[in-house]
Amino acid sequence: MKKITSAGFTIPEVIVAGTLMIVLCVGTLSVFSYVVKINRGNNLRMQALSVLQKEVEDFRSFKFVPLGSDARLNGGSYPNYKTGATAVTSADGRRYSIAVTIDNAPFDGSLENDEATCTFKQITITAVPSVAENEAWLQNLNTAVTIQRVRSN
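Criteria and thresholds
- Residues numbered from 1 in each chain as written.
- Predicted model: local features only at pLDDT ≥ 70, side-chain atom pairs only at ≥ 80, totals over all residues.
- Heavy atoms only, no water.
- Helix = DSSP H or I, 4+ residues; strand = E, 2+ residues; numbered from the N terminus.
- Areas by Shrake-Rupley, 256 points an atom, 1.4 Å probe, with all protein chains shown as cover.
- Phe/Tyr/Trp six-rings, centres within 6.5 Å; stacked < 30°, edge-to-face > 60°.
- Buried < 20%, exposed > 50% of the residue type's maximum accessible area, 1.4 Å probe, protein only.
- Expected span 1.5 Å × (residues − 1).
- Contact = heavy atoms within 4.5 Å.
- Polar contact = N/O pair within 3.5 Å; in protein donor to acceptor, adjacent residues only side chain to side chain.
- Pairing = 2+ DSSP bridges.

Participant: Just checking my understanding: could you explain the overall build of the chain for this structure?
Facilitator: Each helix and strand counted, the chain has two helices and five strands in total. Starting at the N terminus, the α and β elements of the chain follow one another as α-β-β-β-α-β-β. Accessible surface, the chain: about 10,500 Å² in total, of which carbon and sulfur atoms supply 61%.

Participant: Honestly, the packing of aromatic side chains in this entry has me stumped. Any pointers?
Facilitator: The description of an aromatic ring pair uses the distance of the two centres, along with the angle that the planes make with each other. Applying the stated criterion to the full structure yields two aromatic pairs. Geometrically, the ring pair formed by Phe59 and Phe62 is edge-to-face, given 5.1 Å between the ring centres and 65° between the ring planes. Across the pair, exposure class does not vary: Phe59 and Phe62 are buried alike. Summarising the aromatic geometry, the rings of Phe59 and Tyr81 are spaced 5.5 Å apart at their centres and angled 40° between planes, so their arrangement reads as tilted. In this pair, Phe59 is assigned in helix α1 (residues 11–61) and Tyr81 in strand β1 (residues 76–82), connecting sequence segments 22 residues apart. Residue Phe59 is classed as buried on the basis of its relative accessible area of 0%. On the basis of relative accessibility, which here comes to 25%, the residue Tyr81 falls in the partly exposed class.

Participant: Explain α1 here, please?
Facilitator: Turn by turn, an α-helix covers 3.6 residues, leaving residues three or four places apart pointing in a common direction. A rise of 1.5 Å per residue sets the reference length of α1, with its 51 residues, at 75 Å; its end C-alpha atoms lie 75 Å apart and thus fit the reference within 8%. Looking only at α1, the buried set comprises Gly41, Leu44, Gln47, Ala48, Val51, Leu52, Glu55, Val56 and Phe59. On its buried face, α1 sits against β1, β2 (88–89), β3 (95–105), β4 (120–129) and β5 (143–150).

Participant: Is there a simple way to explain the side chain of Ser90 in this structure?
Facilitator: With respect to the element layout, Ser90 can be found in the loop between β2 and β3. A distance of 3.4 Å separates a polar atom in the side chain of Ser90 from a polar atom in the side chain of Gln47. Side-chain polar atoms of Ser90 contact the side chain of Asp92, separated by 2.5 Å. When near neighbours in sequence (up to four residues on either side) are disregarded, Ser90 contacts Gln47, Val51 and Tyr96.

Participant: Teacher, can you tell me more about the pairing of β3 here?
Facilitator: Within a regular strand, the side chains alternate between the two sheet faces. What you see with β3 is a clean split: Tyr96, Ile98, Val100, Ile102 and Asn104 sit on the buried side and Arg95, Ser97, Ala99, Thr101, Asp103 and Ala105 on the side with no burial. Relative to β3, β1 is paired through four bridges, and the arrangement is antiparallel. Each residue of the ladder has a partner; that of Ser77, found in β3, is Thr101. Note: β2 against β3, two bridges, orientation antiparallel. Bridge pairing links Thr89 to Arg95 in β3. Linkage of β2 to β3, two consecutive antiparallel strands, is achieved through a turn of five residues, within which Gly93 is found at a positive phi near 95°. Of the strand pairs in this sheet, β3 and β4 are connected by 10 bridges, and their pairing is antiparallel. Its bridge partner being in β4, Ala99 is matched across the sheet by Thr126.

Put into structure tokens, the structure is as follows:
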């Protein structure tokens, strides 16, 4: 007599294989969604750096001389330098609010003498993206650049 053998899988084997496939797919999809999220943040930072590059060039173009320096280089903190309607737009259409802090050196404590005697400025420019409420974690991706200016003769 001929022996009959089954050439397929048993039900327990199919269930175990299916469970393993589901676990692997869920793991892969969670890693994929995490990578997409991180990539989105990096893209936002790169756009912010391009916006900051333009702002840095603007600040480098301002006149900083003993008499007649540009008033936009006066020392202080300007948290709303460009916001709202004046906010800067990146290449992909996202709006960035710009904050600026200008530190004068030497600083003697009086604002009247400070601008006249200042020979060195450290300028920190920060770009904050405008994001939707469901992307609130991107709001904390503040990107900043610090430049230094020395008074020319």
